[in-house]
Structures are given as structure tokens and as C-alpha cells.
Amino acid sequence: MSEERPREERPGVLDHADGRCRCRWCGTDPLYVAYHDTDWGVPERDPRALYEKLVLDGFQAGLAWITILRKRDAFRAAFEGFRPEIVAAYGEADVARLMGDPGIVRARAKIEGAIKGARAYLAMAERGEDFSDYLWGFVDGAPITNRWRTTVEVPTATPVSQALSKDLKKRGFTFCGPVIVYAFMQAVGMVNDHMVDCWRHEAVQR
């Protein structure tokens with residue numbers, strides 16, 4: 001259990017009505033709180049799910065994550081479950097369809113980036129590379145657990161995210177700069193960046 005400290009000494013978290021302390025960034029929006037409690041920082045090993053999250057983090061570029069989160073179901077429907085083998089086959093008609101979908105972020109470069117990423121994903125699979133093993137290899141297969149107490153301590157990028165970003169770009173992925181990649185690593189549990197006073201810090205490690 002995280003040690004109990006006076007509220008004024010826990011600037012990285014918020015006390016919620018249910019008695020739990022949560023990372024300050026999720027605020028009190030029910031959707032954001034649910035994402036924080038059940039999704040963010042949980043180690044994800046499924047290759048398809050990892051591809052989906054990388055694409056969505058790319059769509060987040062220049063936007064707040066809550067914007068993407070509110071549109072996530074619409075994104076999943078529009079991209080047919082983010083199955084790489086389907087997205088990789090998309091052509092101009094599909095790009096036009098997606099550009100006309102008001103439920104998603106209609107940015108041509110990002111849509112085309114998702115397609116390029118799916119093709120890169122399949123190219124890796126054809127070479128016998130598992131996307132999950134590839135990504136997790138950058139952290140030696142296990143989450144990096146940090147013990148931050150304030151949000152200002154949390155980096156926006158690290159040498160690992162920089163190396164992964166560079167390698168992803170080399171393989172054909174786009175919208176995967178070091179900052180986007182670090183946000184991705186946080187979200188999929190490659191790093192545990194829940195505040196040490198947050199109830200999820202220990203929970204995601206079980």
C-alpha cells in the first residue's frame with residue numbers, strides 16, 4: 001500500500017468522493033476517471049490492441065487525449081476494429097469515407113498514417129516479428145516502474161521513447177515522435193507512471 005501522507009504533501013493526485021486518490025490529470029470527468037482506473041498503465045500484450053493504441057495516439061497529436069477518448073468507439077467502428085489486415089488494404093475510397101466520417105478526427109495525413117502503420121505491421125509479421133514482442137523488447141519485456149509524486153517530475157520523452165520512435169519511423173510508421181511514443185508507453189503499461197500516491201500505482205503491477 002502507498003504510505004499515507006497529508007493531503008497537502010500529495011500534489012500529484014486528487015482525492016475523489018469514493019475515497020480513492022487518483023492521478024491529477026484525469027480530473028473528475030467520469031469517462032476519464034474510468035479510463036484511468038481500468039485502462040491507462042495496464043500492461044497490454046495483444047499486438048492488435050497495441051497497433052490500435054499507437055494509431056489513436058497518433059491521432060491525438062495536437063489534441064487532448066479526452067477528445068480521442070470520446071471518439072474511440074467511433075474510431076473503432078470506422079476502422080473496422082483496427083484489424084491491421086483490413087486497414088492495410090484501404091484505398092482512396094476508404095480514405096474518402098473516413099474523411100467524411102464526423103465521428104472521428106478527419107485529418108488525411110493521420111488517416112493515411114494509420115494505413116501505412118497497418119502495412120508496416122503486416123510487413124513485420126511476414127518477417128516473423130511479433131509486434132508485441134518487438135515493442136516490449138525496448139523495455140526488456142517488463143514494465144518500468146517509476147515513483148513520481150508530482151506531475152512535473154514525469155518526462156514527456158525518454159531515451160527509450162526516442163529509440164523506439166526512431167525505429168518505428170524506419171519501419172514505416174508515422175505520427176510516432178518521441179513524445180507520442182512515450183504517451184503510448186505510459187498508456188499500454190510499458191512504463192508505470194501512475195503517481196506513487198495513486199491507488200492504481202500498485203494495482204497495475206499485480
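See above for the structure.
Being a predicted model, the structure only gives us computed values, none of them experimental.

Undergrad: Can you tell me about the environment of Ile68, naming the residues and giving the values?
TA: One can find Ile68 in helix H3 (residues 65-78). Judged by relative accessible area, Ile68 falls into the buried class, the value being 0%. Distance from Ile68 to Ile104, taken between C-alpha atoms, is 8.1 Å for residues 36 residues apart in sequence. Once residues lying within four places of it in the same chain are set aside, the contact partners of Ile68 are Leu56, Phe59, Gln60, Leu63, Phe75 and Val105.

Undergrad: Lay out the environment of Gly172 with the relevant residues and their values.
TA: Here Gly172 is to be found in the loop between helix H8 (159-171) and helix H9 (178-187). Judged by relative accessible area, Gly172 falls into the partly exposed class, the value being 30%. Between the C-alpha atom of Gly172 and that of Asp94, which follows or precedes it by 78 residues, the distance is 20 Å. For Gly172, the residues in contact, after removing those within four places along its chain, are Lys116 and Ala120.

Undergrad: Which residues make up the layout of surface pockets, and what are the values?
TA: Computed from the structure, the largest pocket encloses a volume of approximately 550 Å³. Contributing to the lining of the largest pocket are 26 residues, with Trp25, Trp40, Gln60, Ala183 and Gln186 lying nearest its centre. For the lining of the largest pocket, the secondary structure elements donating two or more residues are helix H1 (30-38), helix H2 (47-60) and H9. Sort the elements by how many residues they give to the lining of the largest pocket and H9 lands first, with six residues. Of the residues in the lining of the largest pocket, the class split is 16 nonpolar, six polar and four charged.

Undergrad: Before we move on, can you summarise the nonpolar core with the specific residues and values?
TA: Within the largest apolar cluster, 50 residues are counted, with the highest numbers of intra-cluster contacts made by Phe79, Phe131 and Leu168. Ranked by residue count, the leading element in this core is helix H6 (residues 108-126), at seven residues. When near neighbours in sequence (up to four residues on either side) are disregarded, Phe131 contacts Pro47, Leu50, Tyr51, Leu54, Tyr121, Met124, Leu168 and Phe173. Core analysis: the next-biggest nonpolar cluster, separate from the first, contains seven residues, Trp148, Val154, Met195 and Cys198 among them.

What counts, and at which threshold
- Residues numbered from 1 in each chain as written.
- Predicted model: local features only at pLDDT ≥ 70, side-chain atom pairs only at ≥ 80, totals over all residues.
- Heavy atoms only, no water.
- Helix = DSSP H or I, 4+ residues; strand = E, 2+ residues; numbered from the N terminus.
- Buried < 20%, exposed > 50% of the residue type's maximum accessible area, 1.4 Å probe, protein only.
- Contact = heavy atoms within 4.5 Å.
- 1 Å grid on protein atoms, 1.4 Å probe; cavity = no way out; pocket = protein on both sides within 12 Å on 5 of 7 lines; lining within 4 Å.
- Points joined across faces, edges and corners; volume = space filled by probe spheres on them.
- Nonpolar A, V, L, I, M, F, W, Y, C, P; charged D, E, K, R; others polar.
- Core = buried A, V, L, I, M, F, W, Y, C linked by side-chain atoms within 4.5 Å.

Honestly, that's just the spatial picture; any functional story needs more than this.
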